[in-house]
Amino acid sequence: QVQPVESGGGMVQAGGSLRLSCAASSAMFRGNDMAWYRQTPGKLRELVADISSGGSITNYAEFVKGRFTISRDNAKNTVYLQMNSLKPEDTAVYYCAAGRGVPPVYDYWGQGTQVTVSS
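Residues numbered from 1 in each chain as written. Predicted model: local features only at pLDDT ≥ 70, side-chain atom pairs only at ≥ 80, totals over all residues. Heavy atoms only, no water.

## A word on the environment of aspartate 107
Summarising the element assignment, aspartate 107 is placed in strand β10 (residues 105-109). On the accessibility criterion, aspartate 107 (53% relative accessible area) is exposed. Taking the C-alpha atoms as reference points, aspartate 107 and valine 2, separated by 105 residues in sequence, lie 12 Å from one another. Among all residues touching aspartate 107, those that are not within four sequence positions of it are Ala98 and Gly99. (Helix = DSSP H or I, 4+ residues; strand = E, 2+ residues; numbered from the N terminus. Buried < 20%, exposed > 50% of the residue type's maximum accessible area, 1.4 Å probe, protein only. Contact = heavy atoms within 4.5 Å.)

Here it is, written out as structure tokens:
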């Protein structure tokens, strides 16, 4: 199976916004929970947000609550991460993941997209 593909990363000033997208094959997307993780050099990868297969349940890390929104379009096999009020500490490589289970085990990972927030 082809891995998910992220897009939409880039450089933005603090306070700005970006929207990340992640496209996956229908076989990978359908029925799976989707998540966004991020990682900075020297740190463990951390969960940013996840969304259930139907899109009705979302969870957010405390450090993004009220600023980021995860959503999915099941017709397009795409998951999004709308990031507002960005801070320099949001600078990281953002990864999309697909998986299932309770709690979800993410078996499929994209290659990541760089987000850089300047002060």
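## Some points on the nonpolar core
Trp36, Val79, Leu81, Met83 and Tyr94 are the most contacted members of the largest nonpolar core, which has 26 residues in total. Of all the secondary structure elements, the ones that give two or more residues to this core are β3 (18-23), α1 (26-29), β4 (33-39), β5 (46-51), β7 (68-73), β8 (78-83), β9 (92-100) and β11 (113-118). The element best represented in this core is β9, accounting for four residues. Sequence-distant contacts of tyrosine 94, defined by excluding residues within four places in its chain, comprise Glu6, Leu20, Trp36, Tyr37, Arg38, Val48, Phe68, Leu81, Met83, Gly112, Thr113 and Val115. (Core = buried A, V, L, I, M, F, W, Y, C linked by side-chain atoms within 4.5 Å.)

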